[in-house]
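Residues per chain are reported as follows:
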Amino acid sequence: MGDVWAYPLGDGAVLGPLEPWHVDEFMAHLDQAREHLAPWSPWATTITDAAGAGRWLQRYADNHAKDTDHLYGIWLDGKLIGGVGLANFSTAMGTSDIGVWIAPDFEGRGLVTRAARHVVDWAIRGRGIRRVQWANNPVNARSTAVAVRLGFTREGLLRSAFVVAGVRCDVEVWSMIAEDWPAPAADG
C-alpha cells in the first residue's frame, strides 16, 4: 500500500485512501475480482482498462478534494482486496451514501464490516454526517448481512430501480442516522 494514512483493521489488513497512483494495483484487483463484483457494482463492468480506472480514481480524488466523495481501499498484507466508498457526501445536508466491495477470496473475514464501521464512524462522529445510506441488490445476501451487522435500519425496497450489466435490479435501502449510531466502546 505504501501509505502512511492507514487504519489497522486487524489480521494484517489496513484501510487507507485509494488514490489515482494506485491505478495499476486497482486494475490488477479489478481484473481478478471482476466476475465476482459485476452483478453488484456497475463500475466493475464499465472500467475495462488502466485509462478508465485512472479516470475513475481521479474523479474520486478530485471529489475528495471538494469533500463530496471519499474512496478507501482495503489492503491485506500489502495487497488491495476491496474498498469502501462514500458518495454524495454532503456536510451541508448531513448525508452520504456508502458502498463496499471485496474480492471473493477474502469474504467472510469481517474486513468489510470493520472497514465500513470505521468509515461510518468517521462520517458521523468526525464530520457530522447525520444520515448514511446503504443501498444494495437484495439478492446480495452478504451486503445485506453487513448492513444488519452495522445496525442499519431497512427502510424499504425500490423495485426495478437500478441497472447493473444490462439487468434491471431491485434496490434495498438501509440507513444509519447519527442518533442510532452506537457510542464508542469504553477503554478498559
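Throughout, residues of each chain are indexed from 1 in the direction in which the sequence is written. Reporting in this predicted model follows two pLDDT cut-offs: at least 70 for local features of residues, and 80 or more for side-chain atom pairs to be given and counted; totals over whole chains, interfaces and linings ignore these cut-offs and use all residues. Only hydrogens and water are removed before side-chain values are computed, so all heavy atoms of the structure are retained for them.

Draft legend 1. Broad picture of the overall build of the chain. Starting at the N terminus, helices and strands are each numbered in turn, a helix being any DSSP run of H or I of at least four residues and a strand any DSSP run of E of at least two. Per the secondary structure count, the chain includes five helices and eight strands. Helices and strands in the chain line up, N terminus first, as β-β-α-α-α-β-β-β-α-β-α-β-β. Computed over C-alpha atoms, the radius of gyration of the chain comes to 16 Å, within 12% of the 16 Å expected from 2.2 N^0.38 for 188 residues, which places it in the range of a compact globule. The C-alpha extent of the chain, read off along each of the three principal axes, is 40 × 40 × 35 Å. Each residue is assigned to one of three classes by its accessible area relative to the maximum for its type, calculated with a 1.4 Å probe on protein chains only: buried under 20%, partly exposed between the two thresholds, exposed over 50%. Across the 188 residues of the chain, 46% fall into the buried class. Residue contacts follow a heavy-atom distance rule, with two residues in contact if any of their heavy atoms lie within 4.5 Å. The long-range share in the chain, meaning contacts at least 24 apart out of those at least 6 apart in sequence, stands at 56%. In short, Shrake-Rupley with a 1.4 Å probe defines the accessible areas, and a residue's cover is counted only from the protein chains shown. If you sum the accessible surface of the chain, you get close to 9500 Å²; carbon and sulfur atoms cover 54% of it. When we talk radius of gyration, it's over C-alpha atoms, and the globule rule is simply 2.2 Å times the number of residues to the 0.38.

Draft legend 2. Broad picture of the pairing of strand E8 (residues 167–177). Being paired, for any two strands, means DSSP has found at least two bridges between them. Judged from the six bridges that link them, strand E6 (residues 131–136) and E8 form a sheet pairing that is antiparallel. Bridge pairing links Arg131 to Ile177 in E8. One ladder, built from eight bridges, connects strand E7 (residues 153–164) with E8; its direction is antiparallel. Bridge pairing in E8 links Gly156 to Val173. The hairpin formed by E7 and E8 contains two residues between the paired strands, and Ala165 there has a positive phi angle of roughly 55 degrees.

Draft legend 3. Inspection of the side chain of Asp67 at higher detail. Considering the arrangement of structural elements, one finds Asp67 in the loop between helix H3 (50–65) and strand E3 (70–76). Any pair of nitrogen or oxygen atoms within 3.5 Å is treated as a polar contact; in protein, a donor-acceptor pairing is required on top of that, and neighbouring residues in sequence qualify only through side-chain atoms on both sides. Side chain to side chain, Asp67 and Arg127 meet in a polar contact 2.5 Å long. Setting aside residues up to four positions removed in sequence, Asp67 forms contacts with Phe89, Thr91 and Arg127.

Draft legend 4. Representation of the packing of aromatic side chains within the structure. Aromatic rings from Phe, Tyr and Trp, with only the six-membered ring used for Trp, were paired whenever their centres fell within 6.5 Å, and each pair was classed as stacked if the ring planes differed by under 30 degrees, edge-to-face if by over 60, and tilted otherwise. The full count for this structure, using the stated rule, is eight aromatic pairs. Measuring from centroid to centroid gives 6.0 Å for Phe26 and Trp43, while their planes differ by 35 degrees, and the two rings are tilted. Taken together, the positions of Phe26 in helix H1 (residues 23–37) and Trp43 in helix H2 (residues 43–46) put the pair 17 residues apart, joining distant regions of the chain. By relative accessible area, Phe26 is classed as buried at 0%. Note on Trp43: relative accessible area 15%, which makes it buried. Ring centres 5.2 Å apart and planes at 15 degrees place the aromatic pair Phe26 and Trp56 in the stacked group. Of this pair, Phe26 sits in helix H1 while Trp56 sits in helix H3, and the two are 30 residues apart along the sequence. Among the residues examined, Trp56 registers a relative accessible area of 8% and is labelled buried. Grouped by ring-pair contacts, the aromatic residues Phe26, Trp43, Trp56, Tyr60 and Trp101 constitute a single cluster.

Draft legend 5. Expanded view of the layout of surface pockets. Only protein atoms enter the 1 Å grid used here. Points where a 1.4 Å probe fits but cannot escape make up a cavity, open sets with protein on both sides within 12 Å along at least five of seven lines make up a pocket, and a residue lines them when an atom lies within 4 Å of a point. Grid points are joined across faces, edges and corners, and a volume is the space filled by probe spheres set on the points. Volume-wise, the largest pocket comes out at about 1200 Å³. Surrounding the largest pocket, 45 residues form its lining, Trp40, Ser41, Gly99, Val100 and Ala135 being those nearest its centre. Of the residues forming the lining of the largest pocket, the biggest block, six residues, is contributed by strand E5 (residues 95–102). Gly is put with the polar residues, along with every residue not named as nonpolar or charged; the nonpolar set is Ala, Val, Leu, Ile, Met, Phe, Trp, Tyr, Cys and Pro, and the charged set is Asp, Glu, Lys and Arg. Its residues assigned to classes, the lining of the largest pocket comprises 24 nonpolar, 14 polar and seven charged.

Draft legend 6. Expanded view of the pattern of salt bridges. The salt bridge definition used is simple: a Lys or Arg side-chain nitrogen within 4 Å of an Asp or Glu carboxyl oxygen. Following the criterion strictly, the structure yields eight salt bridges and no others. Ionic pairing is found between Glu155 and Arg131, a salt bridge with its closest N-O pair at 2.7 Å. With Glu155 in strand E7 and Arg131 in strand E6, the pair connects residues that are 24 residues apart, well separated along the chain. In this structure Glu155 comes out as partly exposed when scored by relative accessible area, which is 44%. With a shortest N-O distance of 2.8 Å, Arg154 and Glu172 are connected by a salt bridge.

Interpretation in functional terms is not warranted from these geometric data alone.
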